[in-house]
Amino acid sequence: MSTSPEEEHPVKAFGWAARDPSGHLSPFNFSRRSTGEEDVRLKVLYCGVCHSDLHSIKNDWGFSMYPLLPGHEIVGEVTEVGSKVKKVKVGDKVGVGCLVGACHSCESCSNDLENYCPKLILTYSSVYHDGTINYGGYSDHMVANERYIIRFPDNMPLDGGAPLLCAGITVYSPLKYFGLDEPGKHIGIVGLGGLGHVAVKFAKAFGAKVTVISTSPSKKEEALKNLGADSFLVSRDQEQMQAAAGTLHGIIDTVSAAHPILPLLGLLKSHGKLILVGAPDKPLELPAFPLISGRKIVAGSGIGGMKETQEMIDFAAKHNITADIEVISTDYLNTAMERLSKNDVRYRFVIDIGNTLAATKP
């Protein structure tokens with residue numbers, strides 16, 4: 001007889017979860033483990049709504065475990081720490097991102113790249129070391145090993161900072177790793193959504209010249225005036241694309257729908273790099289000649305390790321980078337998911353858990 005989520009662990013918890021692939025979210029009583037000697041417990045104040053949450057509640061990727069309680073852009077205040085915790089203390093403002101565990105003994109883990117560990121443990125809809133299912137941040141509190149806790153600088157707003165734990169590190173890491181963080185580089189950002197708008201901000205803070213590439217001409221003013229991009233290309237306009245051929249050192253492609261990448265390769269200089277951080281569900285067509293003729297690279301990148309995630313949050317705080325958000329109440333979640341499925345958000349929903357979750361208890 002399996003134990004119910006409410007009785008699995010000693011500490012009672014409450015949140016919103018999906019019970020099946022309809023993706024409908026509703027109040028959910030469950031439990032979390034007691035605070036271990038290396039654990040940090042936090043009261044959740046805000047949680048960002050990531051596109052992954054939408055895919056997961058609907059089982060779009062085929063590995064969702066129900067009940068599924070999403071959320072991996074979690075920020076809050078430390079309420080309890082284990083006896084061996086040195087990183088934070090009670091009262092500190094902290095975050096938990098996409099990961100809560102890994103093997104800590106492989107090559108990736110020893111290089112502070114827990115995100116590439118073959119045994120990495122995701123923050124929700126995954127199985128923890130103790131064999132129980134993980135529940136995410138659409139909940140009243142969270143517990144995680146201190147290795148996966150990110151300290152929030154005092155000047156970093158918790159609501160606008162929350163999405164950086166996923167969207168921020170997803171674009172910061174490839175900009176750094178592929179050498180696109182040097183002043184004077186010319187960087188293209190494909191797609192102006194949750195990832196893309198943050199990518200523009202980081203690239204500008206690194207001192208790059210930034211071109212936004214989008215299928216929507218309507219986003220031009222937003223890109224140039226509000227986000228500070230230097231230029232804007234409509235990817236369907238062949239004249240514009242031709243005029244910009246061979247001008248970019250690198251491109252961060254944030255689009256998660258199937259789209260042609262041949263036109264993007266044409267924008268790159270020789271030795272240029274096209275880095276995919278969006279995950280289309282259908283394979284992309286990759287012609288060889290445009291790669292060969294300019295020694296160009298197509299690569300991928302997924303979030304980042306814990307050390308780099310902390311570095312990213314510190315950098316963002318120093319440069320006043322936050323996500324552009326729409327704060328919502330917990331009871332608006334299903335409407336928010338519908339809007340997110342139509343890309344009707346600028347640019348990230350963030351749930352005000354601290355002020356609105358408790359009122360939804362049955």
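Criteria and thresholds
- Throughout this document, residue positions are counted from 1 along each chain, in the order its sequence is written.
- The predicted nature of this model means local features are confined to residues of pLDDT at least 70 and side-chain atom pairs, given and counted, to a pLDDT of 80 or more, with totals for whole chains, interfaces and linings taken over all residues.
- In computing side-chain values, all of the structure's heavy atoms are included and hydrogens and water are not.
- A run of H or I in DSSP becomes a helix once it reaches four residues, and a run of E becomes a strand once it reaches two; helices and strands are each numbered from the N terminus.
- Summary of the burial criterion: residues with accessible area below 20% of their type's maximum are buried, those above 50% are exposed, and those between are partly exposed, where the area comes from a 1.4 Å probe applied to protein chains only.
- For two strands to be treated as a pair, DSSP must find no fewer than two bridges joining them.
- Looking down the strands as they point away from you, a crossover is right-handed if its path from the first strand over the helix to the second goes clockwise.
- Among buried residues, those of type Ala, Val, Leu, Ile, Met, Phe, Trp, Tyr and Cys that are joined through side-chain atoms within 4.5 Å constitute a nonpolar core.
- By the convention used here, residues are in contact when the closest approach between their heavy atoms is within 4.5 Å.

### Some thoughts on unusual backbone geometry
Thought 1: Cis peptide bonds are those with omega within 30 degrees of zero, and the linkage from Tyr66 to Pro67 qualifies with -5 degrees.
Thought 2: Residue Tyr347 follows Arg346 across a cis peptide bond; omega there is -10 degrees.
Thought 3: Structurally, Tyr347 is set in the loop between helix H11 (333–341) and strand E17 (348–352).
Thought 4: Phi is positive for Asn320, close to 55 degrees, though the residue is something other than glycine.
Thought 5: In this structure, Asn320 sits in the loop between helix H10 (306–318) and strand E16 (325–328).
Thought 6: You can call Asn320 exposed: its relative accessible area is 66%.

### Notes on the pairing of E17
Strand residues, when the strand is regular, have side chains that alternate between the two faces of the sheet.
Thought 1: With respect to burial, E17 is a largely interior element, 5 of its 5 residues being buried.
Thought 2: Here strand E3 (residues 39–49) pairs with E17 via 4 bridges, running antiparallel. If you follow Gly48 over to E17, its bridge partner there is Val350.
Thought 3: Judged from the 4 bridges that link them, E16 and E17 form a sheet pairing that is parallel. By the bridge assignment for E17, Glu326 is matched with Phe349.
Thought 4: For the segment spanning E16, H11 and E17, crossover handedness is right-handed.

### Structural notes on the nonpolar core
Side chains of nonpolar character tend, in soluble globular proteins, to be buried together.
Thought 1: With 59 residues, the main nonpolar core has Phe152, Leu164, Leu175, Val200, Phe202 and Ile252 as its most contacted residues.
Thought 2: What Leu164 contacts, discounting residues up to four positions off in sequence, is Met156, Ile169, Val198, Phe202, Met312, Ile313, Ala316, Ile321, Thr322 and Ala323.
Thought 3: In terms of nonpolar packing, the next biggest core, distinct from the first, is built from 42 residues, Val85, Val96, Ile121 and Tyr128 among them.

### Remarks on the environment of Lys318
Thought 1: Position of Lys318 among the secondary structure elements: in helix H10.
Thought 2: With a relative accessible area of 68%, Lys318 lands in the exposed category.
Thought 3: Separated by 165 residues in sequence, Lys318 and Pro153 place their C-alpha atoms 9.0 Å apart.

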